[in-house]
Amino acid sequence: MTEPLVSRMRAFGTTIFAEMSALALRTGSINLGQGFPDTDGPAAMLEEAVRAIRSGANQYPPGSGVPELRQAVSEHRAARYGLDYAADGEVLVTVGATEAIAAAILALCEPGDEVIAFEPYYDSYAASIALAQARLSAVTLRPVEGRFTFDPDELRAAVTPRTRAILVNSPHNPTGTVFTREELTVIAELCRERGLVAITDEVYEHLTFDGVEHVPLATLPGMRERTVMISSAGKTFSVTGWKTGWVCAPAELVRAVSTVKQFLTFTASAPWQLAVAHGLRHESAWVAELRGGLQDKRDRLMEGLAAAGFAVLRPAGTYFVQTDIRPLGFTDGLELTRRLPELAGVVAIPTQVFYDHPERGRHFVRFAFCKKEEVIDEAVARLKRLSG
């Protein structure tokens, strides 16, 4: 029998997250691979979900999302960023940011179009571009003075007559970089000059550290009208299993994304949507406390990784720390992470799998710090075996 899977998806097998999480379970290792917290979100928001279930909000919500959440997202964008999106027509609720990204790419890209993304990139980007029969053009982020950034000339050279869109993820997974206003200005100028649509993945928008500011690309001159702004509740409120995200964009772009989204999931998660509306309106203090706690955990993990012999790059946002494994005598992150349960009883993620050019990231390994302090401490104690 011939391979039943369509050819454009044959390069996408089991995700690295599934592989490494299964490895952690099988070996009893500490899982610092997949980026999900091991504590719950704000109690009052969780109770709102329970209340919604008990009060009968258990059928299909509107395809665009419950009005309460769309209004709360609109208010949040205006209050935080000065961006005015109409709750009716310019806000669309999705099944997490992953669906929003996929629907945006499928809606806006014709077969043969090109989409620029910064590598290393979240793995769903390449799969969504392949589903659209478009082509991913990767621009590499490289460490410069301790943080990952891009070469503006490389970015400009990546644009061709077939380029349709640019995917911008900031705060950036998996590097932890937060694009500066100057970097975003380069991207914005290119979008305006070449008529590109920007699809922005901003799910870590609230999780920045050391006073670093998250600047949405849509706030730059001329960018609101050409940006599909995407975020979600999962990382902000530590409810990754709720899969509740949203798109904010001009009405014509929202209509395009909605046209695709309605045939992917149509709608989902009425109780969670109502609870997230509460979260956006009432849980900002909880989010601020979460951010402070994550910064402390980041520092805790960085110190431990450095003591274990890794070269550590300091992230300005997200859940993740990037490490260079070469000081420990290793050169291949995939090989090391597959052996790490045996060597140290810990699971991490090899960054090279997020590159079109794996050789550029072969020596990087990603660790997640969105875990309890005692979990981080035990993982660090185990990792010290590597330097021993």
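Description of the structure in this document. Owing to the predicted nature of the structure, the values given are computational and were not obtained by experimental measurement.

**Points about the overall build of the protein chain**
When its secondary structure is counted, the protein chain shows 12 helices and 15 strands. Radius of gyration (C-alpha) of the protein chain: 20 Å, near the 21 Å computed for a compact globule of 388 residues. Counting every position in the protein chain, which comprises 388 residues, the buried fraction comes to 56%. Approximately 15,800 Å² of the protein chain is accessible, and the part contributed by carbon and sulfur atoms is 50%. Of the charged side chains in the protein chain, 40 are positive and 47 negative, and the gap between their average positions amounts to 3 Å.

**Digging into the sheet that holds strand 2 (residues 91–94)**
Ordered by their spatial adjacency, 7 strands build an open sheet running 2-10-9-8-7-3-4, and the pairing between neighbours is mixed. A strand with exactly one partner marks an edge of an open sheet, and here the two such strands are strand 2 and strand 4 (135–140). The average angle at which neighbouring strand axes cross in this sheet is 20 degrees, direction not considered. Relative to strand 8 (residues 197–201), strand 7 (residues 163–169) is paired through 5 bridges, and the arrangement is parallel.

**Details of the side chain of His76**
Along the chain, His76 falls in helix 3 (residues 67–81). When neighbours within four sequence positions are excluded, His76 is seen to be in contact with Tyr81, Glu205, His206 and Leu280.

**Re the pairing of strand 4**
Burial runs high along strand 4: 5 of the 6 residues are buried. Pairing of strand 3 (residues 114–119) with strand 4 involves 6 bridges; the strand directions are parallel. Of the residues in strand 4, the one forming a bridge with Val115 is Leu136. Traced from strand 3 through helix 5 (residues 124–131) to strand 4, the parallel crossover comes out right-handed.

**Details of the sheet that holds strand 14 (residues 349–350)**
A sheet is described by the order of its strands in space; here 4 strands give the open sequence 11-12-15-14, paired in antiparallel fashion. The outermost strands of the open sheet, each flanked by one partner alone, are strand 11 (311–313) and strand 14. Direction of pairing for strand 14 relative to strand 15 (residues 364–368): antiparallel, over a ladder of 2 bridges. Bridge assignment links Pro350 to a residue of strand 15, and that residue is Val365.

**A short note on the nonpolar core**
Within the largest apolar cluster, 64 residues are counted, with the highest numbers of intra-cluster contacts made by Leu167, Val228, Val247, Leu301, Phe310, Phe367 and Leu383. With 7 residues, helix 4 (residues 96–108) is the largest single contributor of residues to this core. In this structure, Ile166, Ala188, Leu196 and Leu313 belong to the second largest nonpolar core, which totals 27 residues.

**Describing empty space enclosed by the protein**
Per the counting criterion, the structure on display carries 2 cavities of 30 Å³ or more. For the largest cavity, the calculated volume is near 70 Å³. Around the largest cavity, the lining is made up of 13 residues, and of these Val93, Thr94, Val95, Ala268 and Gln273 lie nearest the centre. Of the residues assigned to the lining of the largest cavity, the class counts are 4 nonpolar, 7 polar and 2 charged. What the second largest cavity holds in volume is close to 40 Å³. Lining the second largest cavity, in full, are Val168, Ser170, Leu184, Thr200, Glu202, His214, Val215, Pro216 and Leu217. In terms of residue class, the lining of the second largest cavity is built from 5 nonpolar, 3 polar and 1 charged.

Conventions adopted
- Residues numbered from 1 in each chain as written.
- Predicted model: local features only at pLDDT ≥ 70, side-chain atom pairs only at ≥ 80, totals over all residues.
- Heavy atoms only, no water.
- Helix = DSSP H or I, 4+ residues; strand = E, 2+ residues; numbered from the N terminus.
- Rg over C-alpha atoms; globule rule 2.2 N^0.38 Å.
- Buried < 20%, exposed > 50% of the residue type's maximum accessible area, 1.4 Å probe, protein only.
- Areas by Shrake-Rupley, 256 points an atom, 1.4 Å probe, with all protein chains shown as cover.
- Lys, Arg positive; Asp, Glu negative; His and termini not counted.
- Charge placed at Lys NZ, Arg CZ, Asp CG, Glu CD.
- Pairing = 2+ DSSP bridges.
- Axes fitted to C-alpha atoms, helices over the stretch in contact; angles between N-to-C directions.
- Contact = heavy atoms within 4.5 Å.
- Right-handed = clockwise from strand over helix to strand, strands pointing away.
- Core = buried A, V, L, I, M, F, W, Y, C linked by side-chain atoms within 4.5 Å.
- 1 Å grid on protein atoms, 1.4 Å probe; cavity = no way out; pocket = protein on both sides within 12 Å on 5 of 7 lines; lining within 4 Å.
- Points joined across faces, edges and corners; volume = space filled by probe spheres on them.
- Nonpolar A, V, L, I, M, F, W, Y, C, P; charged D, E, K, R; others polar.

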